[in-house]
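Residue-level structural notes
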Amino acid sequence: MKVLFKNRTKYTKQVYDTFLQFHNQKYGSSYIFYTALVTILIFFCLGMNLKYKNFFTASIFLVIMIAFLLYRFIHPKKEIKKELKTDKIQKEKEFQFRFFEKNIEIVDKLELSKVKYFNIKHIYETDNYFYLYIDRNHAFLLDKTKFVIGNCEDFKTFIKHKCPFRFKSYCNNKGL
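Quick caveat, the model's predicted, so the values are computed rather than measured.

1. Observations concerning the sheet that holds strand β3 (residues 103-107)
What the five strands build is an open sheet, ordered β4-β3-β2-β1-β8; its pairing is antiparallel. The sheet terminates laterally at β4 (112-116) and β8 (147-149), the two strands that pair on one side only. This sheet shows a mean twist of 20° between the axes of neighbouring strands, independent of strand direction. Sheet topology note: the β3/β4 ladder contains five bridges and is antiparallel.

This is how it looks when you write it as structure tokens:
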């Protein structure tokens, strides 16, 4: 199998902070909207149960609302703290991304992972990075200046072809 593109990106705190800033701009408002919508629905159920004097059910809805709000506001912060403590950020690991015709290989010094192109949910291009999302919260971060084989523009054409309708460019802050 021939390596079509190869990128070496070092995951530092600064790189991760840049990703978090992009991710928050992209998904922050929908996260807040969903949280507000569910909170309003639970609050409505709580209010209706209080109106009809179903205090036991109302207390259950109150507990559900508190638990939901705690989860929505505390869990993301815990995940970020946990991610910042991982070896890839603390030790500034360098990941090698090798792109083949049918899949991507992600290599660090200890392990090799393979990802098929259909497993990539979204690809976002910014001025400095490509973010290849494998789910709503996790992405591979590729520094545009770190291509060892191939170049940024050819990679952009390639990945658009491999993942049609999943590529979006946000260069020069267009679209956000």
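We are not done yet, so read on.
2. Focus on the sheet that holds strand β7 (residues 139-143)
Pairing within the open sheet is mixed, and its four strands lie in the order β7-β6-β5-β9. Strand pairing shows two members of the sheet lacking a second neighbour, β7 and β9 (167-169), which therefore form its edges. Recorded for the sheet is a direction-independent mean angle of 15° between the axes of neighbouring strands. Relative to strand β6 (residues 129-133), strand β5 (residues 122-125) runs antiparallel, the two being bridged by four bridges. Note that in β6 the partner of Glu125 across the bridge is Phe130. Where helix α1 (residues 13-51) meets the sheet, its contacts fall on β5, β6 and β7, and the angle it forms with β6 comes to roughly 65°. Along the sheet, helix α4 (residues 152-162) contacts β5, β6, β7 and β9; its crossing angle with β6, the most-contacted strand, is approximately 20°.

3. Thoughts on a nonpolar patch on the surface
Taken together, Leu62, Ile66, Leu70, Phe73 and Ile74 make up a surface patch of nonpolar side chains, about 460 Å² in accessible area. On the basis of relative accessibility, which here comes to 46%, the residue Ile66 falls in the partly exposed class.

4. Description of the layout of surface pockets
Approximately 1,200 Å³ is the volume attributed to the largest pocket. Only α1, α2 (55-84), α3 (87-90), β2 (94-99) and β7 provide two or more residues apiece to the lining of the largest pocket. Tallying contributions element by element places α1 first for the lining of the largest pocket, with twelve residues. A per-class count over the lining of the largest pocket returns 20 nonpolar, nine polar and nine charged.

5. Some remarks on the pairing of β2
In terms of strand pairing, strand β1 (residues 5-10) meets β2 through six bridges, oriented antiparallel. From the neighbouring strand, Arg8 faces β2, where its bridge partner is Gln96. Inspection of the sheet shows β2 paired to β3 by four bridges, in the antiparallel sense. When the bridges of β3 are listed, Gln96 appears paired with Val107.

6. A short note on the packing of α1 against α2
Geometrically, a packed helix pair is captured by the angle between its two axes and the distance between the axes. Interhelical geometry of α1 versus α2 gives an angle of 175° and a closest axis separation of 10 Å. One element, α1, and the other, α2, form an angle in the roughly antiparallel class. In terms of residue class, the contact of α1 with α2 is made up of 22 nonpolar, four polar and three charged.

7. Quick look at the pattern of salt bridges
A side chain of one charge can pair with a side chain of the opposite charge if their charged atoms are brought near each other. Following the criterion strictly, the structure yields nine salt bridges and no others. Note that Glu83 is salt-bridged to Lys88, the shortest N-O span being 2.8 Å. Among the residues examined, Lys88 registers a relative accessible area of 27% and is labelled partly exposed. Between Lys114 and Glu105 there is a salt bridge; the shortest N-O distance is 3.9 Å. Overall, the relative accessible area of 53% leaves Lys114 in the exposed class. The class for Glu105 is buried, based on a relative accessible area of 8%. Here the salt bridges do not stand alone but share partners, grouping Arg98, Glu105 and Lys114 into one network.

Parameters at a glance
- Residues numbered from 1 in each chain as written.
- Predicted model: local features only at pLDDT ≥ 70, side-chain atom pairs only at ≥ 80, totals over all residues.
- Heavy atoms only, no water.
- Pairing = 2+ DSSP bridges.
- Helix = DSSP H or I, 4+ residues; strand = E, 2+ residues; numbered from the N terminus.
- Axes fitted to C-alpha atoms, helices over the stretch in contact; angles between N-to-C directions.
- Contact = heavy atoms within 4.5 Å.
- Patch = residues over 30% accessible without salt bridge, like charges linked within 9 Å, V, L, I, M, F, W, Y side chains within 5 Å.
- Areas by Shrake-Rupley, 256 points an atom, 1.4 Å probe, with all protein chains shown as cover.
- Salt bridge = Lys/Arg side-chain N within 4 Å of Asp/Glu carboxyl O.
- Buried < 20%, exposed > 50% of the residue type's maximum accessible area, 1.4 Å probe, protein only.
- 1 Å grid on protein atoms, 1.4 Å probe; cavity = no way out; pocket = protein on both sides within 12 Å on 5 of 7 lines; lining within 4 Å.
- Points joined across faces, edges and corners; volume = space filled by probe spheres on them.
- Nonpolar A, V, L, I, M, F, W, Y, C, P; charged D, E, K, R; others polar.
- Parallel < 35°, antiparallel > 145°, perpendicular 65-115°, else oblique.

Remember that the coordinates give geometry; whether it matters functionally is a separate question.
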